[in-house]
Amino acid sequence: MKYRSDLAVECKEMLEEKEHVRDMDGIVTEQYSYDSDISVIRIDITNETGAAKMNKPEGTYVTIEADGVLEERDGIKESLADALAGELKKLIAFRYNLRVMVAGLGNSMVTPDSLGPAAASKIKVTRHLFLMFDADGDDEMSCVSCMIPGVTGTTGMETAELVKKAVELACPDVLIVIDSLAARNIERVSTTIQITDTGISPGGGMGNARTGINRETTGVRVIAIGVPTVIDISTIVRDVLMDNEISAEKTDSYIEEYDSQMIVTSTDIDTIIKDFSDIIASGINKTLHPGIYS
């Protein structure tokens, strides 16, 4: 049975269910917490064997999970932004002449796919200031540019091509891309942030993956930040049938016969997008501009 998920932690969970083992060659897992409400699972895929098992490129995948975001638990958004910044700082070290581009992927007109544009609109952009004052660096803030490239259906151009051209213009050291993801578990839609240093395929969360945005296609290091906003309906149907002890063969047969290629999202997706775009933008700003957002 195949479950659709963009989350490395869920791929690892499915692999453990399949092979009935936790320790695997080429897959290193570490778990730790920031506080009682925020936990982290870091998965490092270290060789080709691990990459083949996970069906993901070699690299680092960090999953941050938090309770209480939608319930607006006191201080949780700030704490989660600090945790995100803490993990980003392990991947992007601030320095005097750091140059970063942020790209908010997705369709701002489709709520579950609007995370990237919503978060990008809240990024502290500074490149124009560096150009205005002919500065080569700063001790308190990075040289940051930002773009919202839209989607192929509205631009007629591949998102990866637009991002590559923007990278050629701004010449960043690091590219941060933000996008919506798909999850296997609906509970992760309102609790989870994934960070990876392997790039991303735009539209993956919406079931319409395009050309990848990674070091190979852009020429620079790519850090991807995503939040699961949708789940494949066949995943929900499969889980319900299996929970009611319908055999795997009958479950797969039913899904194959009635599969309508639908994805679903939470009824409070507007709030999810608002909260997590705030959190992601704050985490990025704290990482890139430590003298301003201390």
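What you are looking at is a predicted structure, and each value in this text was computed from that prediction instead of being measured. (Residues numbered from 1 in each chain as written. Predicted model: local features only at pLDDT ≥ 70, side-chain atom pairs only at ≥ 80, totals over all residues. Heavy atoms only, no water.)

Student: What am I meant to see in unusual backbone geometry here?
Tutor: Excluding glycine, a negative phi dihedral is what most residues carry, and trans is how most peptide bonds are arranged. At Asp134, a residue that is not glycine, the phi angle is positive and equals roughly 50°. Mapped onto the elements, Asp134 comes out in the loop between helix 5 (127-132) and strand 5 (143-147). Look at Asp134 and you get exposed, because its relative accessible area is 71%. Of note, the phi angle at Cys171 is positive, near 50°, even though the residue is not glycine. (Helix = DSSP H or I, 4+ residues; strand = E, 2+ residues; numbered from the N terminus. Buried < 20%, exposed > 50% of the residue type's maximum accessible area, 1.4 Å probe, protein only.)

Student: Whenever I open this one, the environment of Ser145 confuses me. Can you help?
Tutor: As for its placement among the helices and strands, Ser145 is situated in strand 5. Measuring from C-alpha to C-alpha, the distance between Ser145 and Met101 comes to 4.7 Å, with 44 residues separating the pair along the chain. With residues up to four places along the chain from it excluded, the contact list for Ser145 reads Val100, Met101, Val102, Val125, Arg127 and Ala170. (Contact = heavy atoms within 4.5 Å.)

Student: Could you clarify how one ought to interpret the environment of Ser190 in this entry?
Tutor: Relative to the elements of secondary structure, Ser190 occurs in the loop between strand 6 (174-183) and strand 7 (192-196). Apart from the residues within four sequence positions on either side, Ser190 is in contact with Val69, Leu70, Ile272 and Phe276.

Student: What should I look at first to understand the packing of aromatic side chains in this one?
Tutor: We describe a pair of aromatic rings using the distance from one ring centre to the other and the angle between the two ring planes. One pass over the full model with this rule turns up 1 aromatic pair. Seen from their ring centres, Tyr32 and Tyr34 are 6.4 Å apart, and the 55° between their planes marks the pair as tilted. Taking relative accessible area as the criterion, Tyr34 reaches 37% and is therefore assigned partly exposed. (Phe/Tyr/Trp six-rings, centres within 6.5 Å; stacked < 30°, edge-to-face > 60°.)

Student: Help me understand helix 1 (residues 8-19), please; the structure alone is not making it clear to me.
Tutor: Every α-helix winds through 3.6 residues per turn, so residues three or four apart in the chain are directed the same way. End to end, helix 1 covers 16 Å across 12 residues, agreeing with the expected 16 Å (1.5 Å per residue, within 8%). Buried-residue contacts for helix 1 involve strand 1 (27-35), strand 2 (38-45), helix 2 (48-54), strand 3 (59-66), strand 6 and strand 7. In the stretch just after helix 1, His20 is the one whose phi turns positive, near 60°. (Expected span 1.5 Å × (residues − 1).)

Student: Please explain the pattern of salt bridges as it appears in this structure.
Tutor: Pairs can form between side chains of opposite charge whenever their charged atoms are close. Counted under the stated rule, the structure contains 16 salt bridges. Arg73 is paired through a salt bridge with Asp37; the nearest N and O atoms lie 2.8 Å apart. Of this pair, Arg73 sits in the loop between strand 3 and helix 3 (76-91) while Asp37 sits in the loop between strand 1 and strand 2, placing them 36 residues apart in sequence. Residue classification places Asp37 among the partly exposed positions, given a relative accessible area of 22%. Salt-bridge contacts for Lys286 lead to Asp82; the nearest nitrogen and oxygen are separated by 3.3 Å. Note that Lys286 is positioned in helix 11 (residues 269-288) and Asp82 in helix 3, a separation of 204 residues in sequence. (Salt bridge = Lys/Arg side-chain N within 4 Å of Asp/Glu carboxyl O.)

Student: I would appreciate a short explanation of the nonpolar core in the present structure.
Tutor: Residues Ile176 and Ile284 are the most contacted members of the largest nonpolar core, which totals 40 residues. If one sorts the elements of this core by residue count, helix 11 sits on top with 9 residues. Sequence-distant contacts of Ile176, defined by excluding residues within four places in its chain, comprise Ile92, Val100, Met101, Val102, Ala103, Ile223, Ile225, Ile284 and Leu288. The next biggest cluster of nonpolar side chains, apart from the first, holds 31 residues, and it includes Leu7, Ala8, Ala103 and Ala224. (Core = buried A, V, L, I, M, F, W, Y, C linked by side-chain atoms within 4.5 Å.)

Student: Whenever I open this one, the environment of Gly50 confuses me. Can you help?
Tutor: In this fold, Gly50 is placed in helix 2. By relative accessible area, which is 0% here, Gly50 ends up buried. Residues Gly50 and Met24, 26 residues apart in the sequence, show an inter-C-alpha distance of 7.5 Å. Apart from residues lying up to four places away in sequence, Gly50 is in contact with Asp25, Gly26, Ile27 and Ile45.

Student: Mind showing me how you'd approach the pairing of strand 6 here?
Tutor: Regular strands have side chains that alternate between both faces of the sheet. Along strand 6, 10 of the 10 residues are buried, which leaves the element largely enclosed by surrounding structure. Bridge count between strand 4 (residues 99-104) and strand 6: 5 bridges; the pairing is parallel. Looking at the pairing, Val100 lines up with Val174 of strand 6. In terms of strand pairing, strand 6 meets strand 8 (residues 221-232) through 10 bridges, oriented parallel. Bridging from a neighbouring strand, Ser180 pairs with Val227 of strand 8. (Pairing = 2+ DSSP bridges.)

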